[in-house]
Amino acid sequence: MPEAKLSLRGVEKSFGANQVLRGIDMEVTEGEMICLIGASGSGKSTLLRCINQLEPIDEGRVLLDGQDISEPGLDLGPVRRRIGIVFQSYNLFPHMSALENVTLAPRRVLHEEATALQARAATLFARFGLAEHMLKYPDQLSGGQQQRVAVIRALAMRPEIMLFDEITAALDPELVGEVLAVLRQLREEGMTMLLATHEMGFARDLADRVCFMDGGVIVEEGPPEQIFSAPQVARTQAFLASVL
Ligand code: ADP
Ligand code: MG
């Protein structure tokens, strides 16, 4: 059996006395798209942040290609390059063009030669339908366009896994679709992805697997048709009844 791209084994995380993750086990295969659903406060964001080591975990292990990346003292630079993350608030630098926002980190971190990097970035903008907006500043772009630039910025680091934390939650409803289209395209291109999302329709259509979180555990997981049409656990049923 092929080794999992990403494995979580008994991951626990507390903030002070508040235990937010209570033993998370998960195996993610290369090219898989996993949607995390669950009420606010159930631990979805913390789980994503613990995967790319933005938060140190208290117990358990996170393995990337079989390597323990949660080991204390490990150099986290390479880990954060290999696992990209995009948040609800896109936080582009306002005084830089979209292109400059995208090339900043690769130039500094990957030490990529300027001409090659610009060409690679331009290809990314074109691939996600933003070629004509590349030289604009964030305040000349819609929220949906800015969020797509934020996704491109993360992709420019050539990540192997992408994490998306409610990336459409702050957008006006008419702009959500263009951002979800980017995720759909990435999935078709075979990117390994974990998404925390409230977009149940999107999760149902596109997830390979849906994980329902409550109280810091994965209460139920399975293919979307099972989770949405025939949830087995009462807590999953109650959550879905409240959002669908
Ligand atoms: P979700 O993304 O599912 O809404 P979160 O992971 O954001 O859930 O939050 C889970 C719990 O962890 C909440 O009780 C929240 O208050 C707490 N929490 C999250 N981040 C921090 C932090 N940096 N410091 C203290 N508590 C936090
Ligand atoms: Mg969250």
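Residues numbered from 1 in each chain as written. Chains lettered and ligands numbered in written order. Predicted model: local features only at pLDDT ≥ 70, side-chain atom pairs only at ≥ 80, totals over all residues. Heavy atoms only, no water.

- In the annotation of an unreviewed UniProt entry, the entry for the chain reads Amino acid ABC transporter ATP-binding protein, and the organism field reads Roseobacter ponti.
- Of the comments in the UniProt record for the chain, the one headed Subcellular location (unreviewed entry) reads "Cell membrane". (UniProt positions renumbered as here; feature names shortened; annotations may be inferred.)

### Considering helix H4 (residues 114–127)
Part 1 of the reasoning: For H4, which comprises 14 residues, the first-to-last C-alpha distance of 20 Å matches the rise-based estimate of 20 Å (1.5 Å per residue) to within 8%.
Part 2 of the reasoning: By the burial criterion, the buried members of H4 are Leu117, Arg120, Ala121, Leu124 and Phe125. Buried residues of H4, seen end-on, are gathered within an arc of 145° and therefore sit on one face of the element.
Part 3 of the reasoning: Contacts made by the buried residues of H4 are with helix H3 (98–110) and helix H5 (143–155).
Part 4 of the reasoning: Positive phi shows up at Gly129, right after H4, with a value of about 70°. (Helix = DSSP H or I, 4+ residues; strand = E, 2+ residues; numbered from the N terminus. Expected span 1.5 Å × (residues − 1). Buried < 20%, exposed > 50% of the residue type's maximum accessible area, 1.4 Å probe, protein only. Arc of directions from axis to C-beta. Contact = heavy atoms within 4.5 Å.)

### Comments concerning the site of ligand 1
Part 1 of the reasoning: In the vicinity of ligand 1, the contacting residues are Phe15, Asn18, Val20, Ala39, Ser40, Gly41, Ser42, Gly43, Lys44, Ser45 and Thr46.
Part 2 of the reasoning: At a separation of 2.6 Å, an oxygen atom of ligand 1 approaches a polar backbone atom of Gly41.
Part 3 of the reasoning: The side chain of Thr46 places a nitrogen or oxygen atom 2.5 Å from an oxygen atom of ligand 1.
Part 4 of the reasoning: Contact with the protein chains covers 58% of the free accessible surface of ligand 1, which is 560 Å².
Part 5 of the reasoning: Within the residue set of the shell around ligand 1, elements represented by two or more residues are strand E2 (18–28) and helix H1 (44–51).
Part 6 of the reasoning: Among the elements that make up the shell around ligand 1, the one with the highest residue count is H1 (3 residues).
Part 7 of the reasoning: When the residues that make up the shell around ligand 1 are grouped by side-chain class, the tally is 3 nonpolar, 7 polar and 1 charged. (Near = heavy atom within 4 Å. Polar contact = N/O pair within 3.5 Å; in protein donor to acceptor, adjacent residues only side chain to side chain. Areas by Shrake-Rupley, 256 points an atom, 1.4 Å probe, with all protein chains shown as cover. Nonpolar A, V, L, I, M, F, W, Y, C, P; charged D, E, K, R; others polar.)

### Structural notes on the UniProt feature "domain: ABC transporter" (unreviewed entry) in the chain
Part 1 of the reasoning: The feature "domain: ABC transporter" (unreviewed entry), as annotated in UniProt, sits at residues 6–240 in this numbering.
Part 2 of the reasoning: In the segment residues 6–240, helix accounts for 39% and strand for 26%; the C-alpha atoms at its two ends are 27 Å apart.

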